[in-house]
Number of protein chains: 2
Amino acid sequence: MNPNELWQRYQRLLCHVPGLGIKIDASRMAFDDGELGAMREPMDHAFDAMDKLEQGAMANPDEQRMVGHYWLRDATLAPNDELRHAITSTLSQIDAFAAEVHAGKIKPLEGKRFTDLLVVGIGGSALGPQLVADALSNVARRDRMRVHFLDNTDPDGFTRFASSIGARLKSTLVVVISKSGSTPETRNGMLAIEQLYRTKGLDFRGHAVAVTGEGSKLDDHARKQGWLARFPMWDWVGGRTSVMSAVGLLPMALQGLDIEAFLDGAAKMDACTRSRETMKNPAALLAMMWHFAGKGRGLKDMVVLPYKDRLLLFSRYLQQLVMESLGKELDLDGQSVHQGIAVYGNKGSTDQHAYVQQLRDGLDNFFATFIVVLRDAVGKSVEQVEVEHGAGGLPGVTPGDYLNGFWQGTRQALYEKGRGSITIMADKLDARTLGALIALYERAVGFYATLVNINAYHQPGVEAGKKAAATVLDLRSRLLAYLSRQNEAKTVDEIASGLGEPDRAETVHHLLEHLAANLKQVKRKGNRFGWKP
Amino acid sequence: MNPNELWQRYQRLLCHVPGLGIKIDASRMAFDDGELGAMREPMDHAFDAMDKLEQGAMANPDEQRMVGHYWLRDATLAPNDELRHAITSTLSQIDAFAAEVHAGKIKPLEGKRFTDLLVVGIGGSALGPQLVADALSNVARRDRMRVHFLDNTDPDGFTRFASSIGARLKSTLVVVISKSGSTPETRNGMLAIEQLYRTKGLDFRGHAVAVTGEGSKLDDHARKQGWLARFPMWDWVGGRTSVMSAVGLLPMALQGLDIEAFLDGAAKMDACTRSRETMKNPAALLAMMWHFAGKGRGLKDMVVLPYKDRLLLFSRYLQQLVMESLGKELDLDGQSVHQGIAVYGNKGSTDQHAYVQQLRDGLDNFFATFIVVLRDAVGKSVEQVEVEHGAGGLPGVTPGDYLNGFWQGTRQALYEKGRGSITIMADKLDARTLGALIALYERAVGFYATLVNINAYHQPGVEAGKKAAATVLDLRSRLLAYLSRQNEAKTVDEIASGLGEPDRAETVHHLLEHLAANLKQVKRKGNRFGWKP
């Protein structure tokens, strides 16, 4: 298309979100009116399915669960009073708790005020809080607490936190988040931190808060130990869409971020994305573009490039939301379909210097999503240095002009090579905008799932790895017990046979490699392993 | 394959790197002896090409440049005395400078010692230093300086740095890195920081160091202003392979990391990867596996999952190294091939909770690369809490056992579904290992490039976006001049025509949107834009 045709197409297709200052531009994606027409019926079906889901249908049939993340930002939509009350009373509880912490009414035994917040969680219990904390830090007002995360079971990661927090541990509030209450990485993190408090002679219970399902292992633990507070998670909120439950809102409130605006942005985006006109419904538009791009089979990766440092983690957040929701083996009819869309990206213009070379010249296996924020200043003041002075007293060129120019240049350079892109434009980046962006993608994922006939709300594929890991850990205990009884070093095959597990020699090998590297009792001699009490 | 066959295959294929404690396991990739045989001749060709490159051939023919990153860790290999001297004297200069900074001989005018280091750079001038700083922070000995980065032209990013560094600005050393010396993002970052120093009444010149090509714009600027020091970059080192030049080594040395071990690890890996036996050469083995996985056309994404928090940035580093090197339109014969391999990933086991669902059940469009570190303790001491106590006084289960178990579980779960994986196992994570891993991938990329007949050392595709951005910024200036002369608000089309650029109305539109959001002089009235002096 020539520039004028492109400009007309841009204006014709531009999708505005009223009241949020957000626009979606799909003009640089390749599709024509015929393709649009063919999508009318499938999109109607997607709208129907979403209506039912919002009304409380068992939208997650395998797990016999409702899917209620949309109710979190508008409790009036929840299907019954009990759920409405759960949502609103938790919100009040969060507000009240954060206010008391900020006022120093809830305070550490060893000081006047909590200064730091450590969130222990993983996956759905970390990515949302991490995104929000980084994107909104010191926006609108100064943060009330410094936020840290432990999102893995890497012992060295625990040590790094311990050494970086130093003496501030005694004024650190620890929020442990696990929906099931038994996620091993989170439990390990909690135990490591408990031990750290113990080592320092501090009482962990006076620093600890739980966010978990009622009656879970973590809930029981927190109740019995007498932690500061417990906040609920519900089975009708999936981990990857839990950022607007206590999972995301409690850390936000403690950091001093505007949770009301965050929820309002999401509610407004929800309202707008209930439209049944695809071209005026930004979530439907996104879902349809993904469908066009990958021919409904995920043939193109989704490269997400926000031109804003604060949105660096947005693509990682979307990686989970999109890939865990859409990456499914079976469709709703039980047919093997192996669906999904791969998502990656960091930020522009930084990534231009990393891999735009491949995006423009190399494999044609992706479509780009640019996120552009028009207002350069996010916090209170920005030193917008003039990097080139303007002629005749006119305003000079700023770094923000460059950032915007690089987005335009890259979009154009990709278009010239037939690489499609979507651009999401936001007037500014604040809690409202971020809530809206998250809601936008949540619903786009829901629509797309219906288009390709899959359940977006379960994750049957994650169990296998967990189970396999559990059997490895079980074998580890038996292996240690066996090894400690041997008088001489043995080969891996001998040990596996001795354990009655000749078929698991490779697992025994990997366990021995790890044990020999970390336990002084396990000794390697050549290709033999032995025990030294 | 049954477990026993897999174990035999594992042992048969395992590739050891002598002296580095690194092993490569390709047993879970699908290939057979016939395929291996067919690769013999292409691999021989790749070995020949690499030999020539190392001997100083014009391995980057388009740009008429030698490719010398291998010489950086073994200057004796450089093709002439001048280059050898350049390498060794720069190393001495780095050591001496860092020692003087640490000793307080080179110190800020306003204090006793530099406490913080700010690196301003982007792409090849940021990713390496970022990876190294994060991976090796407080390993072996405590960091001598805290390291910060500015890697974009986001004004809000500059403000965030300014607010986080606070009063420590006066004891911050700023290293500005740009090979060409005219990278706009880096220049803008430098100017913003210069202004920040000015605002605080500090003399930037006494805090500034340049790493850049001799005679570049940045070099001239630093020389004229009288910066503390200037370090060279050379045209025979590409940005994405520059971490072992002053680009990476100067920040490392200032942070107090072991640059000698880092270079030694790379040199040892280089020595090992010069073997002409593919199955005993870990870089050749990787390249061949990539070729098998993607049928030499990049049909599978490379998902990189280090089971180690400190290696979080490794996949981002590889994104650049692999995608910018291999993502090429034309092959060496000028044929259009659109090569490349898409790379993404963060870390395990964290990512298991984000998208292993899709990896196991969804699209079969990737192969995984796991990186496993056997020794859990990286720093001086690790509190390896027992999360489950052992029976009969035996050592209990640690978080590190879980981390290792999750890798094994995921590898197995993927294998069961026919998803291939490579595992790189390292005894421990330190400067030597990291140098070796980087060298491993540098050479793997080089081999793969020969296998698919492309130039891995240029990046012709990045210019188009930069040029397009430059024309946008040029139009911005003319647009402002034009708008300031108008007495009434006009539509985008009117303004574009008035500028004599009716075909660039969309660019005018995006510029006006950005200007109206940031400049008080540019006012929007409905769909019209005007000027208010």
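Provided above is the structure to which this section pertains.
Everything numeric in this text was worked out from a predicted model, so none of it was measured.

(A) Fine view of helix α8 (residues 217–225) of chain A. Residues and elements named next belong to chain A. When α8 is considered as a whole, its buried residues turn out to be Leu218, Asp219 and Ala222. Buried residues of α8 fall within an arc of 100° about the axis and therefore sit on the same side. Projecting away from the buried face of α8 at angles above 90 degrees are the exposed residues Lys217 and Lys224. Taken together, the buried residues of α8 touch β5 (172–178), α7 (184–199), β6 (208–213) and β7 (229–233).

(B) View of helix α14 (residues 399–416) of chain B. All names here are of chain B. The terminal C-alpha atoms of α14, which comprises 18 residues, lie 26 Å apart, in line with the 26 Å expected from a rise of 1.5 Å per residue. By the criterion of burial, α14 is predominantly enclosed, with 15 of the 18 residues buried. Positioned one or two residues after α14, Gly418 has a phi angle of 75°, which is positive.

(C) Here's a closer look at empty space enclosed by the protein. Under the criterion given, the structure shown has eleven cavities of 30 Å³ or more. Looking at the largest cavity, its volume works out to about 160 Å³. Those elements giving two or more residues to the lining of the largest cavity turn out to be α12 (314–326) of chain A together with α12 (314–326) of chain B. Among the residues forming the lining of the largest cavity, the class breakdown is five nonpolar, eight polar and two charged.

(D) Examining the nonpolar core more closely. Ranked by size, the top nonpolar core spans 375 residues in total, and within it Trp290(A) and Trp290(B) carry the most contacts. The contact partners of Trp290(A), leaving out residues within four places of it in the chain, are Met302(A), Val322(A), Leu326(A), Ile341(A), Phe367(A), Ile422(A), Tyr441(A), Ala444(A), Val445(A) and Tyr448(A).

(E) Spotlight on the packing of aromatic side chains. Residue and element names in this part refer to chain A. Applying the stated criterion to the full structure yields 29 aromatic pairs over all chains. Look at Trp7 and Tyr10: their rings are 5.8 Å apart centre to centre, the planes differ by 20°, and that puts the pair in the stacked class. Here Tyr10 and Trp7 lie together in helix α1 (residues 3–13), a separation of three residues that amounts to about one turn. Both residues of the pair, Trp7 and Tyr10, belong to the buried class. Here Phe47 and Phe447 contribute two aromatic rings whose centre-to-centre distance is 5.2 Å and whose plane-to-plane angle is 80°, an arrangement assigned as edge-to-face. Of this pair, Phe47 sits in helix α3 (residues 40–54) while Phe447 sits in helix α15 (residues 431–451), placing them 400 residues apart in sequence. You'll find Phe47 and Phe447 in the same group, each marked buried. An aromatic cluster is present here, built from Trp290, Phe314, Tyr441 and Tyr448 joined pairwise through their rings.

(F) Up close: a positive patch on the surface. A surface patch of positive charge is lined by Lys112(A), Arg113(A), Arg141(A) and Arg144(A). Residue position: Arg141(A) is located in the loop between α5 (127–136) and β4 (146–150).

(G) Region of interest: the interface of chain A and chain B. With 138 residues of chain A in contact, the opposing surface of chain B contributes 139 residues. Counting the surface lost from both chain A and chain B, the interface buries some 11700 Å², and carbon and sulfur atoms represent 54% of this. Joining chain A to chain B, the criterion identifies 20 salt bridges. For Asp156(A), the salt bridge goes to Arg310(B), with nearest N and O atoms at 2.4 Å. Among the elements that line the side of chain A that touches chain B, the one with the most residues is helix α14 (residues 399–416) of chain A, at 15 residues. Grouping the amino acids of the side of chain A that touches chain B by side-chain chemistry returns 54 nonpolar, 50 polar and 34 charged.

(H) Here's a closer look at the sheet that holds strand β12 (residues 490–491) of chain A. All names here are of chain A. If you trace the three strands from one edge of the open sheet to the other, you get β12-β14-β13, paired in antiparallel fashion. Only two strands of the sheet have a single partner each, and these edge strands are β12 and β13 (522–525). Of the strand pairs in this sheet, β13 and strand β14 (residues 528–531) are connected by four bridges, and their pairing is antiparallel. In the strand pairing of β14, Lys525 is matched with Arg528. Across the sheet, helix α18 (residues 505–518) lies against β13 and β14, angled at about 110° from β13, the strand it touches most.

(I) Seen up close, the sheet that holds strand β1 (residues 15–17) of chain B. Residue and element names in this part refer to chain B. Taken in spatial order, the six strands make up an open sheet running β1-β2-β11-β10-β8-β9, and their pairing is mixed. Each edge of the sheet is formed by a strand with only one pairing partner; in this case those strands are β1 and β9 (343–344). Sheet strands in contact with helix α11 (residues 282–294) are β1, β2 (22–28), β8 (301–307), β10 (366–373) and β11 (421–426), and its direction is about 25° off that of β2.

(J) Structural view of the pairing of β11(B). Residues and elements named next belong to chain B. Of all six residues in β11, six are buried, a share of seventy percent or more. A two-sided burial pattern is seen for β11, the buried positions comprising Ser421, Thr423 and Met425 on one face and Ile422, Ile424 and Ala426 on the other. Where β2 meets β11, five bridges bridge the pair, whose relative direction is antiparallel. In the strand pairing of β11, Ile24 is matched with Ile424. Pairing analysis gives six bridges linking β10 to β11, with the strands arranged parallel. Bridging across to β11, Ile371 finds its partner in Ile424.

(K) Structural detail: the environment of Gly498(A). Residues and elements named next belong to chain A. Examined against the element boundaries, Gly498 turns out to sit in helix α17 (residues 492–498). Its relative accessible area of 41% is what places Gly498 among the partly exposed residues. Separated by 492 residues in the primary sequence, Gly498 and Leu6 place their C-alpha atoms 72 Å from one another.

(L) Here's a closer look at the environment of Leu131(B). Residues and elements named next belong to chain B. Tracing the sequence through the fold places Leu131 in helix α5 (residues 127–136). With relative accessibility at 0%, the residue Leu131 sits in the buried group. Distance from Leu131 to Asn518, taken between C-alpha atoms, is 34 Å for residues 387 residues apart in sequence. With sequence-adjacent residues up to four places away left out, Leu131 is seen in contact with Leu313, Phe314, Tyr317, Leu434 and Ile438.

(M) Fine view of the packing of helix α11 (residues 282–294) of chain A against α15(A). Residue and element names in this part refer to chain A. Between α11 and α15, the shortest axis-to-axis distance is 8 Å and the interhelical angle comes to 50°. Between α11 and α15, the interaxial angle falls into the category oblique. The crossing of α11 and α15 is right-handed. In this structure, α11 contributes Pro282, Ala283, Ala284, Leu286, Ala287, Trp290 and His291 to the contact, and α15 contributes Leu440, Tyr441, Arg443, Ala444, Val445, Phe447, Tyr448 and Leu451. A breakdown of the residues in the contact of α11 with α15 according to their chemical character gives 13 nonpolar, one polar and one charged.

(N) Local environment of the side chain of Gln486(B). All names here are of chain B. As for its placement among the helices and strands, Gln486 is situated in the loop between α16 (462–484) and β12 (490–491). Taking the relative accessible area as the measure of exposure, Gln486 reaches 17% and is therefore buried. A distance of 3.0 Å separates the side chain of Gln486 from the backbone oxygen of Tyr482, its partner in a polar contact.

Basis of the calculations
Residues numbered from 1 in each chain as written. Chains lettered and ligands numbered in written order. Predicted model: local features only at pLDDT ≥ 70, side-chain atom pairs only at ≥ 80, totals over all residues. Heavy atoms only, no water. Buried < 20%, exposed > 50% of the residue type's maximum accessible area, 1.4 Å probe, protein only. Helix = DSSP H or I, 4+ residues; strand = E, 2+ residues; numbered from the N terminus. Arc of directions from axis to C-beta. Contact = heavy atoms within 4.5 Å. Expected span 1.5 Å × (residues − 1). 1 Å grid on protein atoms, 1.4 Å probe; cavity = no way out; pocket = protein on both sides within 12 Å on 5 of 7 lines; lining within 4 Å. Points joined across faces, edges and corners; volume = space filled by probe spheres on them. Nonpolar A, V, L, I, M, F, W, Y, C, P; charged D, E, K, R; others polar. Core = buried A, V, L, I, M, F, W, Y, C linked by side-chain atoms within 4.5 Å. Phe/Tyr/Trp six-rings, centres within 6.5 Å; stacked < 30°, edge-to-face > 60°. Patch = residues over 30% accessible without salt bridge, like charges linked within 9 Å, V, L, I, M, F, W, Y side chains within 5 Å. Areas by Shrake-Rupley, 256 points an atom, 1.4 Å probe, with all protein chains shown as cover. Salt bridge = Lys/Arg side-chain N within 4 Å of Asp/Glu carboxyl O. Lys, Arg positive; Asp, Glu negative; His and termini not counted. Charge placed at Lys NZ, Arg CZ, Asp CG, Glu CD. Buried area = accessible area lost by both parts, 1.4 Å probe. Pairing = 2+ DSSP bridges. Axes fitted to C-alpha atoms, helices over the stretch in contact; angles between N-to-C directions. Parallel < 35°, antiparallel > 145°, perpendicular 65-115°, else oblique. Left-handed = near helix turned anticlockwise from the far one by under 90°. Polar contact = N/O pair within 3.5 Å; in protein donor to acceptor, adjacent residues only side chain to side chain.

Honestly, that's just the spatial picture; any functional story needs more than this.
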